[in-house]
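Given next are the chains, with one letter for each unit.
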Amino acid sequence: HEISGYFRNAGGREIRREQEYSDSTGRLFRMDRVIIDPGAVTVIDFKTGRNKKALEKYTAQMRNYMNILGEFYQAKSIGGILAFVDLREIVRIR
């Protein structure tokens, strides 16, 4: 599956699980998995089930996570993945 690469160790890669980051106002957000590579950061959020209304909410949540990570890792590209574990599907957020 295309998400499996994010679970492998790679040169210069740091993986953080259940990592808390704060936004510019000091609110804390716990991100399921953050993969920090030399040129990119990817945040993965694990979900179950999917419906259109929930997908919009999850996408907004992921964009918020990506904005927060963009402040911490300004020189890296930021990407997000919603992983629907029970459906074995992913949605990439750019």
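Residues numbered from 1 in each chain as written. Predicted model: local features only at pLDDT ≥ 70, side-chain atom pairs only at ≥ 80, totals over all residues. Heavy atoms only, no water.

Draft legend 1. Seen up close, the overall build of the protein chain. Within the protein chain, the regular secondary structure consists of one helix and five strands. The N-to-C order of helical and strand elements in the protein chain reads β-β-β-α-β-β. Structurally, the protein chain occupies a C-alpha span of about 35 × 35 × 20 Å along its principal axes. Classification of the 94 residues of the protein chain by burial places 38% in the buried group. For the protein chain, the exposed area adds up to about 5,700 Å²; of that, 47% sits on carbon and sulfur atoms. Distance between charge centroids for the protein chain: 3 Å, based on 17 positive and 12 negative side chains. (Helix = DSSP H or I, 4+ residues; strand = E, 2+ residues; numbered from the N terminus. Buried < 20%, exposed > 50% of the residue type's maximum accessible area, 1.4 Å probe, protein only. Areas by Shrake-Rupley, 256 points an atom, 1.4 Å probe, with all protein chains shown as cover. Lys, Arg positive; Asp, Glu negative; His and termini not counted. Charge placed at Lys NZ, Arg CZ, Asp CG, Glu CD.)

Draft legend 2. Inspection of the environment of Ala10 at higher detail. Looking at the element boundaries, Ala10 is found in the segment before β1 (14–22). A residue is classified by how much of its surface remains accessible, and Ala10, at 36% relative accessible area, is partly exposed. A C-alpha to C-alpha distance of 8.1 Å links Ala10 and Asp37, two positions 27 residues apart in sequence.

Honestly, that's just the spatial picture; any functional story needs more than this.
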